[in-house]
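Architecture and fold: a report
The lines below spell out each chain.
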Amino acid sequence: MEPRINSQKTCLLLVVGIFLMGVVWVRLRLLGVPLERDEGEYAYMAQQLLQGILPYTEAHSMKFPGIYFVYAGILAIFGQSPVAIHLSLLFVNLATVFLLFLLGRNLLGLSAGVAAGVSFAVLTLSPALQGVWANSEHFVLLPAVGGILLLRTAQDRPARFFFSGLLLGCALLIKQHAIFFCLFGIMYLGSKVVTQSQSFKKPFLSCGLFAAGGLAPVIFIALLYGVTGNFSDFWFCTVQYATEYAAMTSPDSGFANFKYNFSQILESNFPILWLSLLGLTSVAWRKEVGREYLFLIGFFACSFLAITPGFYFRPHYFLLWMPALSLLAGVGFASLVSISSSRLKTLVPAAILTLALGLSVWMQKEFFFTLPVIKATRLIYGLNPFPESLEIAQYIRDHSQKTDKIAVLGSEPQIHFYSQRRSATRHLYMYPLMEKHTYARQMQAEMMQEVEGAQPKFVVVANLSGFWVSPDSSPTLKDWAQGYLDSEYEISGVVDILSHEETVYKWDERGYLPQSRYHLLIYKRKT
Amino acid sequence: MTENSNPMRIVISLFLVVVVTFLGYWLVLDERKHSKAMAYTQRGDALSELKRYDEAIEYYQQAIKVKSNYVEAYNNLANALGKKGKTKESIAYYNEAVRLKSDFAKAYSNLGIALSEQGQFEEAIGQYQKALEINPDLFRVQNNLAILLARQGDFSGAIEHYQQAITFYPGFAKAHNNLGSALAAQGRFEEAMTHFEKALNIDPNYIDARKNLELARSLVR
């Protein structure tokens, strides 16, 4: 018996090793993808943080500040470049893979853990989830999975309850959506206390420590903003505006968003997700899985809730669902192995895993193995000016002083980060100004006033096929921009994104008329 | 099978797996159709922008063929038909668009414009009102509705909608001028002059507003 188990393990670990190495290779190959706009925002705010400027004081954002602190750490340790940011993502992703392996092993044994970990590694690499970009969800998952693992293994060790809460609190501080992981922790802990399935000597102490750990980061941040006198900015951005933002999409549109983005994830990862489905149903027919139904179903449901706020269902939001789906894939895998004939037990697990992961990888092979970084970016983000931002920033840096400010009329904060020039306005994104909510007009007025007051050296106008000026939105801002720029600025650069392959750059040349509906105009202040 | 498995539970689980798998398959297929319809519509839009309406119409029809409930294609097809002067056909497609999507404000607004062009003012007013029920910030629709109300002699209603248009977009010179005219029609010349002046401040070359201002001034004197 012993040699068969050993050879089964060897086969399985070999398969896992190959896929993990493949994942690392793909991430290393795509380290240089240009920052997309969320990454640009995090990086710019982190850059400011490293200069002692707290988030929300000079730039608006509705996200909790944890991600900026994380990015500040990344920039300080690895350097201020897309490669550095994506390298740190590789480490964070691998650490989450390891924690998920531990969680899976703790739940249902080694094979479930191994399959959960490697499924997570492959799923979170998927272009349908924008997995190679360092979105905040990746950084939420590490503490969230860590916190849940600690909670499961806490038994009667008080420190683990505290640190479990602390990690979940940190996850919440990175992105509000993580509230549902905290909720899962509370529900799981509550169920353990109520059903007494875990022998708690001091249930109140355990729960108290968990709550104290969870609240500690939130209280710390509230105090930080309170003491520095910036609490109202923090509150407005992360609670008042965020609440408006979350209420803007109707359930109908939400369903359409979900359907559109989930179908793409499903299409390219269906073998792994089919294992997840099998894992979910095996709760009903495998006793050892059934014993963990509360954990598995609860984690699955709460993780799903974590992707729902606002009904936007953006591709990277789905990353928050992946640990639960990967765990279930691990369970499904273990269930399939358990019903396979004992004579084939050496090869069957490795074959199932190879097939599930291999098919997923094969369906995304072009993105993973062939496309150069710029084309890979274009495939996901179309004609968004992410590659162009590097050259625009370079021009601005070469033609301005470090103390000069710039403004971007669009939503391209990565230009601020690359150029290392401060924004003339707190509004790094135009979306909130053009959306339909209570604060839109106030924000527009603020932006106009701030830009006029700061007299930025450069103003970048991103004309991306009516990106920020839709026919339904008030043209007030557009009228103002037109008048202000005509009187005080002159065009010093045109970036014309003609196709996925071709962009025309015209610097300090007069008379060039952009051909494409996707172009950026760089205005320089008249001397 | 494992020793602890219950046959009934296994059957139910298998059934669930099959159902969800088919659901997933349908989801992917439907989204593929959606993407194809969207691509056809976008191509049609690009051609419409170049004023190549015949070709655009073909693309919109292809989009509808691929996905019969793709409402954007109906709306944009109706727009293109309207540009070709086929207003009756365009009205039929707008009607289809709002039948498929009852909160499609843009289609109601377009339908209002088409009906208005056909001289069906009552019906046009109804469609504009539906559009504004869905989205009151459609300042151009507010202006269009007000024009029709004023035409019917309902100056109070017209003034209300002009005011809503300029509240949302204070730089809307046309709405200021129209509001001035509606106020003047009610004999409120002082207020009318303020709005003619505002229209002129926004667009100093606005000849109608200048003429209206001069007329209002002469009447006040």
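Since the structure is predicted, the reported quantities are computational estimates derived from the model, not experimental observations. (Residues numbered from 1 in each chain as written. Chains lettered and ligands numbered in written order. Predicted model: local features only at pLDDT ≥ 70, side-chain atom pairs only at ≥ 80, totals over all residues.)

Along the backbone of chain A there are 22 helices and six strands. At 25 Å, chain A has a C-alpha radius of gyration in line with the 24 Å of a compact globule built from 527 residues. Projecting the C-alpha coordinates of chain A onto the three principal axes gives extents of approximately 85 × 50 × 45 Å. Buried residues in chain A amount to 50% of all 527 residues. Pairs at least 24 residues apart make up 75% of the contacts formed inside chain A by residues separated by at least 6 positions. (Helix = DSSP H or I, 4+ residues; strand = E, 2+ residues; numbered from the N terminus. Rg over C-alpha atoms; globule rule 2.2 N^0.38 Å. Buried ≥ 20, exposed ≤ 12 C-beta atoms within 10 Å, placed from the backbone. Contact = placed C-beta atoms within 7 Å.)

Segmenting chain B into domains produces domain 1 (1-135) and domain 2 (149-221). If you average the C-alpha positions of domain 1 of chain B and of domain 2 of chain B, the two centres end up 39 Å apart. (Domains from an automatic or database assignment.)

Residues and elements named next belong to chain A. With respect to the element layout, Gly-453 can be found in helix α21 (residues 440-454). Given 10 C-beta atoms within 10 Å, Gly-453 falls into the exposed group. Expressed as a C-alpha distance, the spacing of Gly-453 and Glu-509, which sit 56 residues apart in the sequence, is 28 Å.

Residue and element names in this part refer to chain A. Its domain assignment divides chain A into domain 1 (2-370) and domain 2 (382-525). On a C-alpha basis, the centres of domain 1 and domain 2 stand 35 Å from each other. Tallying the contact residues gives 16 residues for domain 1 and 21 residues for domain 2. Sorting the residues of the side of domain 1 that touches domain 2 by element identifies α2 (37-50) and α10 (231-246) as the ones contributing at least two each. For the side of domain 1 that touches domain 2, the element with the most residues is α2, which contributes seven residues. Here the residues of the side of domain 1 that touches domain 2 are counted per class, giving seven nonpolar, three polar and six charged. (Nonpolar A, V, L, I, M, F, W, Y, C, P; charged D, E, K, R; others polar.)

Once that is clear, we can look at the sheet that holds strand β6 (residues 518-525) of chain A. By definition, the strands of a sheet pair up through backbone hydrogen bonds, in either a parallel or an antiparallel sense. Residues and elements named next belong to chain A. Here we have six strands laid out as an open sheet, ordered β2-β1-β3-β6-β4-β5, and mixed in their pairing. Two strands close off the open sheet at either side, each with one partner strand: β2 (422-423) and β5 (503-507). Bridge analysis of strand β1 (residues 405-409) against strand β3 (residues 458-464) gives four bridges, and the strand direction is parallel. Paired with Ile-406 across the strands is Phe-458, a residue of β3. (Pairing = 2+ DSSP bridges.)

This paragraph deals with the pairing of β1(A). Of all five residues making up β1(A), four are buried, and the element is well covered by its neighbours. Assessed by its sense of winding, the connection that carries the chain from β1(A) through helix α19 (residues 414-419) of chain A to β2(A) is right-handed. (Right-handed = clockwise from strand over helix to strand, strands pointing away.)

What follows concerns the interface of chain A and chain B. On the side of chain B, 25 residues touch chain A, which itself brings 23 residues to the contact. Listing elements by their share of the side of chain A that touches chain B, those giving two or more residues are α11 (251-285), α14 (322-339) and α22 (476-488) of chain A. Element by element, the count of residues in the side of chain A that touches chain B is highest for α11(A), at 13 residues. Looking at side-chain class alone, the side of chain A that touches chain B contains ten nonpolar, six polar and seven charged residues.

What follows is about the confidence of the model for chain B. Confidence in the prediction for chain B averages 94 pLDDT; 98% of positions are at 70 or higher. Across the interface, the model reports ipTM at 0.82; the global pTM reads 0.91. (pLDDT = per-residue confidence, 0-100.)

This next bit is on the nonpolar core. By size, the foremost hydrophobic cluster in this structure holds 162 residues, and its most contacted members are Phe181(A) and Val460(A). In terms of residues, this core owes the most to one element, α14(A), which gives eleven residues. Not counting chain neighbours up to four residues away, the residues in contact with Phe181(A) comprise Ala144(A), Ile148(A), Leu168(A), Ala171(A), Cys302(A) and Ala306(A). In terms of nonpolar packing, the next biggest core, distinct from the first, is built from 63 residues, Tyr53(B), Tyr60(B), Leu81(B) and Ile113(B) among them. (Core = buried A, V, L, I, M, F, W, Y, C linked by C-beta atoms within 7 Å.)

This part takes up the pairing of strand β4 (residues 489-497) of chain A. Residues and elements named next belong to chain A. Of the pairings in the sheet, the one linking β4 to β6 comprises seven bridges and is antiparallel in character. Within the sheet, the bridge partner assigned to Ile-491 lies in β6 and is Tyr-523. Across five bridges, β4 lies against β5 in antiparallel orientation. By the bridge assignment, Gly-493 is partnered in β5 with Trp-507. Between β4 and β5, which follow one another and run antiparallel, lie five residues.

Right, let's get into the packing of helix α4 (residues 82-108) of chain A against α14(A). All names here are of chain A. Relative to each other, α4 and α14 sit at 45°, their axes nearing to 10 Å. In terms of axis orientation, α4 runs oblique to α14. With respect to the hand of their crossing, α4 and α14 are arranged in right-handed fashion. Residue-level inspection shows Leu-100, Leu-103, Gly-104 and Leu-108 of α4 in contact with α14, the latter providing Pro-323, Ser-326, Leu-327, Gly-330, Val-331 and Ala-334. Along the lines of polarity and charge, the residues of the contact of α4 with α14 split into seven nonpolar, three polar and no charged. (Axes fitted to C-alpha atoms, helices over the stretch in contact; angles between N-to-C directions. Parallel < 35°, antiparallel > 145°, perpendicular 65-115°, else oblique. Left-handed = near helix turned anticlockwise from the far one by under 90°.)

Let's shift gears to helix α9 (residues 173-185) of chain B. All names here are of chain B. Between its first and last C-alpha, α9 extends 18 Å over 13 residues, near the 18 Å set by a 1.5 Å rise per residue. Among the 13 residues in α9, eleven count as buried, and that is most of the element. All of the buried residues in α9 are Ala-173, Ala-175, His-176, Asn-177, Asn-178, Leu-179, Gly-180, Ser-181, Ala-182, Leu-183 and Ala-184. The secondary structure elements touched by the buried residues of α9 are α7 (139-151), α8 (155-168), α10 (189-202) and α11 (207-220). Gly-187, located one to two residues past α9, shows a positive phi value of around 80°. (Expected span 1.5 Å × (residues − 1).)

Turning next to α10(B). All names here are of chain B. For α10, which comprises 14 residues, the first-to-last C-alpha distance of 20 Å matches the rise-based estimate of 20 Å (1.5 Å per residue) to within 8%. Those residues of α10 that sit buried are Ala-192, Met-193, His-195, Phe-196, Lys-198 and Ala-199. On its buried side, α10 packs onto α9 and α11.

Even without being a glycine, Gln420(A) presents a positive backbone phi close to 55°. When you line up the elements, Gln420(A) lands in the loop between α19 and β2.

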